[in-house]
Structures are given as C-alpha cells and as structure tokens.
Number of protein chains: 2
Amino acid sequence: MRLVTVGSVAFDAIETPFGKTDKIVGGAGTFITLSASFFMKNQGIISVVGDDFPNQTLEFMGSRGIDTSGIQIKHGEKTFFWSGKYHNDMNSRDTLTTELNVLEHFDPIVPEGFTNAEYLMLGNLSPQVQRLVIERMEKRPKLIAMDTMNFWMDIAMEDLMKTISMVDVLIINDEEARQLSKEYSLMKASKIIRAMGPKILIIKKGEHGALLFHENEVFFAPALPLEEVFDPTGAGDTFAGGFMGYIASTDDISFENMKRAIIAGSALASFSVEKFGTTRLTEITELEMEERMHQFVSLTNFQMIQHA
Amino acid sequence: MRLVTVGSVAFDAIETPFGKTDKIVGGAGTFITLSASFFMKNQGIISVVGDDFPNQTLEFMGSRGIDTSGIQIKHGEKTFFWSGKYHNDMNSRDTLTTELNVLEHFDPIVPEGFTNAEYLMLGNLSPQVQRLVIERMEKRPKLIAMDTMNFWMDIAMEDLMKTISMVDVLIINDEEARQLSKEYSLMKASKIIRAMGPKILIIKKGEHGALLFHENEVFFAPALPLEEVFDPTGAGDTFAGGFMGYIASTDDISFENMKRAIIAGSALASFSVEKFGTTRLTEITELEMEERMHQFVSLTNFQMIQHA
C-alpha cells in the first residue's frame, strides 16, 4: 500500500455566518484521505467509529480507492462528535461540544496489508496513538508526516516530543509553532522545532498561506484570495491530505516536489472551504483543479529583469 | 522631474522590545523618497518642517538625488513629532504622542520644476492636502499613487472619497481596506474600492505580504520571513517608495512591471525593519538588494509538472 493515514472519522455540527448543519460526516482522517484520493487510489485509513456511523460513507470512501478495512466499528458505541461555531471573520471559532466516545480508548490496529506502506500520515490524535501506529509498521515508511495541536502541548508534552522526534514532516499552524517553540518569530521557531527531529516543517497560516522549511531553504505558498469562505472546517486536514497524496502519488520526496505538493494541498483546501464539510472536496474535477493550480502560478509568478 | 512625493518629514521617538530612541528623523515623505532613491535620482519632495529640523538631513537627502526645494522651513515653528511604542509581537503599537506642529496648517506649495512630474506619490496626509497637490500640477501625471489611513476615514470621509477618485493606485493596509469598503473579504473589498476610482489597488498585510489588484488579475507578494523585526516604523512607506521608485525609474506602468515593483518595495521594506528609523534604508548596497530579490524568487518560485 502506498499511503496510510491514521485520523478521526467523525461527526461534526457546524455553525457559520452562512448557515448551520446537523450532524455531518467530518474528522481529520476523512478529510485527509478524501483529499489525497484526488491524486491516488492505493491508500488506507486507520480509525474507529461507532455503529451509528453511516455505512454509506464507508462505501463512498471505498469507491474513491480508500481501503477502510482499518476503520474499527465499535458496536453499541458512538462515533466521535464535535460541534463548533465560527465567528464573523471565520478566523476563529468556539467549540460547543466535544464527545470523544469511541476515540477515548482508541487502539489503532494496523491491518496486515497496511504495515508496509511507504508513506504514513499521522492525523491530529493523541501522540501515544500516533506513536503506536509508527511502532506497528513492519518497516519504517519512506516519509512520515504528522499533524498535532496545542491541546497535546498542554496535556502531553513529553509524549508529544517523543512522537515528534520520530517523524520527517511536522505540519502545524503558526500559533502551534509559537507554542511548541516558545518563540514568536516563525523563522526562529522553525529552527527550534526542526531540532526536535523533523527535517521538514510546514507552518500553516490559514488565509495567509503556508511556509515550508527544510535545511536553509524556505518556500512560501499563498492561500488563494477567496471572495467567500463558507466553512473552514477541515481545511488544514485537506491541505495535509493533498500534500501527502501528491507526494505519495509522485513518489518523490525532493524539496522541489514538496513545493508542488504544498501548492496542490493549498488548491484542494481552497475548494474545501466553499461548502460545508467534505461536500466540495468530493466534487472537484480534473479541469477545475488544473485551473486552480494555474491561478496559483499567476498569483505568485513574476519575471525579474535587471533594473537600470 | 520624474517623481514627486508629498509627505511628512518629521521626528519620531520609537520604543520597541529591542530598545528605545530619542527623537530621530522619520516621516512618510522621508521614508518614501529615501526608498525610491535606491532606484533613481530625478525626484523631488513637497513637505514642511520647523527650524528645529537638522539641515544635515536635508543635505543628505540632496546627496541621494532628492530635490528638497519643496520642503518649506517654517521659522519659529516645530517639526511634526510622533512617538509610539510597539507591543511584543511588533504587529501592534500604541501612539504615545502626536504633535502636528507645522503640519497643522500645511499648504503644499509645488515648486515650478516639480509641476510636470510624470509620477506622483501622495503620502499619508489629509485628503485635502493630497488633492491640492494634484490640482497644482501643470499636467496630469502618468501615474498617481496614494496612501491614506483609517483616521481620515473617520473624520474626512467625503474629502477622502474625492481624492481617491482622482488617483490611479491606492496603497492601504488590510484593516484600512476593510474599513473603507465595509467588507471583510479582501477580494470583495478590492472590487468595491476600485469602483471608487483607482484602477489599481495594493493591500498591504504587513508580515503576511501584499496583494496587487488590477481588473481581473491578482498578484501576491510575500513578505520575507525574518528572524527579527527590529523596528517596523516606516515599513509601509518604504514599500510604497520602493514601488513608485521602481516604476518611475523603469517608466513602465504595465501589470507585469508592477509585480516587479511590489517585490522591489517588499525587499526594501525587509531591510528597513532591521534597524531603527531610516538607518538601514540608506546603507543598502546593490549586491545586498540583488541577493534579497533572489530570496524572493526562491521563496515563491515553483515549477508545475503534470501529475499522473
């Protein structure tokens, strides 16, 4: 198998200035794998749901080439549920409910066909669970990427540091980078964090784009300026999934290819926020994607000439 | 004359987490013209100072090819003075003192040799003063650019709209664009603001770069990620001065050249914040500038290939 992702498969209920949903399908693992599925078929997901989770969604994921045999279905238990409300500027949100349910005692079983995956994506989960997945792989994947959040820095810093030291790529946002490094300047933070283990650091800045750090190189991918952000939920996971899907499908971990992968992830994230949940993510056509990639090129491309 | 700028020539006293200055030379007009002087010699400035202003600074500006004969010296009066203190994140500041002094009754006299300038830069001043300068030109310049701030939106909106309708390029920050358009989305704001008159809008986002809007085109210039921002005072004016200096010196108002001009302005601004006031701005060598322009290229440049 080319790519394996561990991450939540969940229900979300979302309120934005544009509207409100009932429980809809969400979760980091869902966004990551659906996003990666734009580029590839040969991938699997490790997760856990309750018996309230719609079989239809698992079938849909299967139809997108995602092997869902690593999703445990816990009978008599309920799926992880999160609900939140976005503020008017869409840049901040309040969490209204977090019901861990099946995630509380999640033992990430790695199916046999998954253990030789070349690419591994650790979605935002407890660092112990993330580490278990690495340890249960038969061979060390070619590239391990990891997402996390400030919550784990607050309650499980020691465990988090251990897991971070085992990965190649850390993907976090600017606030998280500042908290993890205790340094406000992202340039300084990037050095401190890479000294913790990951050779590559990606700092997501939401509507302000993303930075990719490797050795002495920095690459900046802008976010596409959008008229409207309808629902930002899952944009970060979509970005990470697009990044890993692009890299796994091209099987090229050079810095040059990571730049392209970041643009690909940014493009997919720019679609994702156009509708609630995963809706838009599953509708993107090859043509739309190609057009959007070109928008990124024209957004940042310039030709220098010598001045007089 | 190629480029004329109207803008304050002033004293600043600055406090940052890194240190504190006494009264040093600042002012939008000073930063703009010194920045533009990196690219060109044939420029003039219209401003006013008191007899407390150091003749040495005027001589230094002259040595950089800036014609200071448009700076009125008011005997027995004092130069405009601003003091401010930056917060720890350097993204926000408190104004401690604003003494308008000579600026209170500033009548912007345009010297004879200035009235046929091909490029006109209106630094942040009252919109009445900015408009007077446009009206006092002998012929309509090829390109008029304008800066402003929320203060004028609060107290002189009608006058501001009149001046805005007369210019080609408006250069403001994201907060100002939102206040002026009453629209949070910068994409929507850009349309509303360009309907007010300026064909071209530049929205500065500080450490998050700048957006250039023209018709259906958008260009994004990142800010260079810096280890340390020592003093952000004048960074916006340095950016505007570099932009106009580049355009005036190349005498090319195409969209392609404006992209280069924005990168040039961003590069100069990235130097400007390395030391207090205008210090760093006057030390930049051709080689340093060339290296920094290349940093911008490598920061954003990527080559797309077709994915499988």
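Structure's up top.
Residues numbered from 1 in each chain as written. Chains lettered and ligands numbered in written order. Predicted model: local features only at pLDDT ≥ 70, side-chain atom pairs only at ≥ 80, totals over all residues. Heavy atoms only, no water.

J.: In this structure, what is going on with the overall build of chain A? I would like to understand it.
T.: If you tally the helices and strands in chain A, you get 10 helices and 14 strands. Relative to the compact-globule value of 19 Å for 308 residues, chain A shows a C-alpha radius of gyration of 18 Å, a close match. Dimensions of chain A, computed from the C-alpha atoms along their principal axes, are close to 75 × 40 × 35 Å. For chain A, the residues scored as buried account for 59% of the 308 residues in total. Sequence-distant contacts, at least 24 apart, represent 64% of the contacts inside chain A between residues at least 6 apart. Of the roughly 12200 Å² of accessible surface on chain A, a fraction of 50% belongs to carbon and sulfur atoms. (Helix = DSSP H or I, 4+ residues; strand = E, 2+ residues; numbered from the N terminus. Rg over C-alpha atoms; globule rule 2.2 N^0.38 Å. Buried < 20%, exposed > 50% of the residue type's maximum accessible area, 1.4 Å probe, protein only. Contact = heavy atoms within 4.5 Å. Areas by Shrake-Rupley, 256 points an atom, 1.4 Å probe, with all protein chains shown as cover.)

J.: Sorry, what's going on with the relation of the copies chain A and chain B here?
T.: Note that the two copies of the chain are related through a rotation about an axis and a translation along the same axis. Taken as rigid bodies, chain A and chain B are interconverted by a rotation of 180° and an axial shift of 0.0 Å, the fit giving an RMSD of 0.0 Å. A rotation of that kind, with that shift, is consistent with a two-fold axis. Most of the interface of chain A is mirrored in chain B, where 100% of its interface residues again form contacts. (Least-squares fit on C-alpha atoms with pLDDT ≥ 70 in both.)

J.: Can you walk me through the nonpolar core in this structure?
T.: Soluble, globular proteins show a tendency: their nonpolar side chains are buried together. Core analysis: the largest hydrophobic core is formed by 206 residues, its most contacted members being F243 and M289 of chain A together with F243 and M289 of chain B. If near-sequence neighbours (up to four positions away) are discounted, M289 of chain B is found in contact with F38, F39, A264, A267, L268, F271 and I284 of chain B. (Core = buried A, V, L, I, M, F, W, Y, C linked by side-chain atoms within 4.5 Å.)

J.: Would you mind showing me how to read the packing of aromatic side chains here?
T.: When we look at a pair of aromatic rings, we describe it by the centre distance and by the angle of the planes. Per the counting criterion, the structure on display carries 15 aromatic pairs over all chains. Residues F11 of chain A and F53 of chain A carry aromatic rings whose centres are separated by 5.5 Å and whose planes lie at 35° to one another, so their mutual orientation is tilted. Taken together, the residues span a long stretch of sequence, with F11 of chain A in strand β2 (residues 10-16) and F53 of chain A in the loop between β5 (43-50) and α2 (55-63) at a distance of 42 residues. Accessibility expressed as a relative area gives 8% for F53 of chain A, which makes it buried. Judged by centre distance (5.5 Å) and plane angle (20°), the ring pair of F18 of chain B and F230 of chain B falls under stacked. Here F18 of chain B is found in the loop between β2 (10-16) and β3 (19-20), whereas its partner F230 of chain B is found in the loop between β14 (217-221) and α8 (235-250), with 212 residues between them in sequence. By way of ring pairs, the aromatic residues F18, F230 and F276 of chain A are connected into one cluster. Just above the ring of F271 of chain A sits the side chain of R292 of chain A; from NZ or CZ to the centre is 3.8 Å. (Phe/Tyr/Trp six-rings, centres within 6.5 Å; stacked < 30°, edge-to-face > 60°. Lys NZ or Arg CZ within 6 Å of the ring centre and 35° of its normal.)

J.: I tried to follow the pattern of salt bridges on my own but got confused; where do I start?
T.: Between side chains of opposite charge, a pair can form as their charged atoms come close. Tallied over the entire structure, the rule returns 34 salt bridges over all chains. Between E227 of chain A and K191 of chain B there is a salt bridge, with the nearest N and O atoms lying 2.5 Å from each other. Taken as a pair, E227 of chain A in the loop between β14 (217-221) and α8 (235-250) and K191 of chain B in helix α7 (residues 186-194) lie in two separate chains rather than in one. Overall, the relative accessible area of 48% leaves K191 of chain B in the partly exposed class. Between R280 of chain B and E288 of chain B there is a salt bridge whose closest N-O contact spans 2.9 Å. (Salt bridge = Lys/Arg side-chain N within 4 Å of Asp/Glu carboxyl O.)

J.: Explanation requested: the packing of helix α1 (residues 28-36) of chain A against α8 of chain A in the structure shown.
T.: Two numbers describe a pair of packed helices, the interaxial angle and the distance between the axes. Residue and element names in this part refer to chain A. Their axes nearest at 7 Å, the elements α1 and α8 cross at an angle of 40°. Taken as axis vectors, α1 and α8 run oblique relative to one another. In this structure, the crossing between α1 and α8 has a hand that is right-handed. Residues A28, F31, I32, S35 and A36 of α1 form the contact with α8, whose own contacting residues are D237, T238, G241, G242 and G245. Broken down by class, the residue content of the contact of α1 with α8 amounts to 4 nonpolar, 5 polar and 1 charged. (Axes fitted to C-alpha atoms, helices over the stretch in contact; angles between N-to-C directions. Parallel < 35°, antiparallel > 145°, perpendicular 65-115°, else oblique. Left-handed = near helix turned anticlockwise from the far one by under 90°. Nonpolar A, V, L, I, M, F, W, Y, C, P; charged D, E, K, R; others polar.)

J.: Please explain the interface of chain A and chain B as it appears in this structure.
T.: Where interface size is given, it is often the accessible area lost as the parts come together that is meant. Listed per partner, the contact involves 40 residues of chain A and 40 residues of chain B. When the two sides are added together, the surface that chain A and chain B hide from each other amounts to roughly 3900 Å², 58% of it contributed by carbon and sulfur. Inspection of the chain A/chain B interface yields 4 salt bridges. The interface formed by chain A and chain B contains 16 residue pairs in polar contact (both at pLDDT 80 or more). Secondary structure elements with two or more residues in the side of chain A that touches chain B: α7 (186-194), β14, α9 (255-272) and α10 (286-300) of chain A. If you tally residues by element for the side of chain A that touches chain B, the top one is α10 of chain A, at 7 residues. Tallied by class, residues from the side of chain A that touches chain B come to 20 nonpolar, 8 polar and 12 charged. (Buried area = accessible area lost by both parts, 1.4 Å probe. Polar contact = N/O pair within 3.5 Å; in protein donor to acceptor, adjacent residues only side chain to side chain.)

J.: Explain the environment of P127 of chain B here, please?
T.: All names here are of chain B. Along the chain, P127 falls in helix α3 (residues 127-136). By relative accessible area, P127 is classed as buried at 0%. For P127 and E59, which are 68 residues apart along the polypeptide, the C-alpha to C-alpha distance reads 29 Å.

J.: Where do I start with the pairing of strand β8 (residues 93-99) of chain A in this structure?
T.: Residue and element names in this part refer to chain A. For strand β7 (residues 81-86) and β8, the ladder comprises 6 bridges, and the chain directions are antiparallel. Its bridge partner lying in β8, Y86 is registered against R93. The antiparallel pairing of β7 with β8 creates a hairpin that spans 6 residues between the two strands, and M90 there sits at a positive phi of about 65°. (Pairing = 2+ DSSP bridges.)

J.: What's the story with helix α6 (residues 174-181) of chain A in this structure? I'm lost.
T.: Residue pairs three or four apart in sequence face the same way in an α-helix, which turns once every 3.6 residues. Residues and elements named next belong to chain A. Summarising burial for α6: 6 of the 8 residues are buried, a large majority. What α6 keeps buried is the set D174, E176, A177, R178, L180 and S181. The N-cap of α6, judged by a side-chain oxygen 3.1 Å from the amide nitrogen of E175 a few residues on, is N173. Downstream of α6 by a residue or two, K182 has a phi angle that is positive, lying close to 55°.

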